[in-house]
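# Chains, contacts and geometry: an overview
Residues per chain, in single letters:
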Amino acid sequence: VDRWTLLMSSSRVSDSFLAGCVSGCVSRSVIEPLDVLKIRFQLQYEPVRKASLSSKYRGSLQALQLISKEEGYRALWKGMLVGQMLYALYNSVQVRSYI
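As a starting point, this report considers the structure included with it.

Criteria and thresholds
- Residues numbered from 1 in each chain as written.
- Predicted model: local features only at pLDDT ≥ 70, side-chain atom pairs only at ≥ 80, totals over all residues.
- Heavy atoms only, no water.
- Helix = DSSP H or I, 4+ residues; strand = E, 2+ residues; numbered from the N terminus.
- Buried < 20%, exposed > 50% of the residue type's maximum accessible area, 1.4 Å probe, protein only.
- Areas by Shrake-Rupley, 256 points an atom, 1.4 Å probe, with all protein chains shown as cover.
- Patch = residues over 30% accessible without salt bridge, like charges linked within 9 Å, V, L, I, M, F, W, Y side chains within 5 Å.
- Salt bridge = Lys/Arg side-chain N within 4 Å of Asp/Glu carboxyl O.
- Core = buried A, V, L, I, M, F, W, Y, C linked by side-chain atoms within 4.5 Å.
- Contact = heavy atoms within 4.5 Å.
- Expected span 1.5 Å × (residues − 1).
- Phe/Tyr/Trp six-rings, centres within 6.5 Å; stacked < 30°, edge-to-face > 60°.

## A closer look at the overall build of the protein chain
- Of the regular secondary structure elements, the protein chain holds 4 helices and 0 strands.
- Start at the N end of the protein chain and walk to the C end: the helices and strands fall as α-α-α-α.
- The buried share among the 99 residues of the protein chain stands at 30%.
- For the protein chain, the accessible area works out to roughly 7,300 Å², and carbon and sulfur atoms hold 66% of it.

## Here's the deal with a nonpolar patch on the surface
- Taken together, Leu18, Val22, Val26, Val30, Ile31 and Leu34 make up a surface patch of nonpolar side chains, about 550 Å² in accessible area.
- Here leucine 34 is to be found in helix α2 (residues 10-43).
- Its relative accessible area of 53% is what places leucine 34 among the exposed residues.

## With respect to the nonpolar core
- Among the nonpolar cores identified, the biggest contains 7 residues, and these are Leu37, Tyr57, Ala63, Leu66, Ile67, Ala75 and Leu76.
- In terms of residue count, helix α3 (residues 60-71) provides more of this core than any other element does, 3 residues in total.
- For leucine 66, the contacting residues outside a window of four places in its chain are Lys56 and Tyr57.

## Some thoughts on helix α4 (residues 80-98)
- Over its 19 residues, α4 extends 27 Å from the first C-alpha to the last, a length consistent with the 27 Å expected when each residue adds 1.5 Å.
- Burial in α4 covers these residues: Met80, Gly83, Gln84, Ala88, Asn91, Ser92 and Arg96.

## Quick notes on the packing of aromatic side chains
- Enumeration according to the criterion identifies 1 aromatic pair in this entry.
- Measuring from ring centre to ring centre gives 6.2 Å for phenylalanine 41 and tyrosine 57, while their planes differ by 80 degrees; the resulting arrangement is edge-to-face. A residue pair is termed long-range when its members are at least 10 positions apart, and phenylalanine 41 in helix α2 and tyrosine 57 in the loop between α2 and α3 qualify at 16 residues.

Structure follows, in structure tokens:
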């Protein structure tokens, strides 16, 4: 059996695709709260300073607590589905290209 046939066997392709999808979904699930924080800080007009009382979000831990208090813990994973699909596709292609 030549190397190309071995590399392109259907079980190996599906295994690497599945591994990439799972790793993409797991990584996005872990990173999503940080992405939500980044977007909230970017959209905030007021400066991000501890001394600035007009700022809603003044630091990462304070923002995490405030978001979970006002909107619930699920708000930290808002909009995750689209990003997760992107990560799953990207990682599956990336893992497949290295195998």
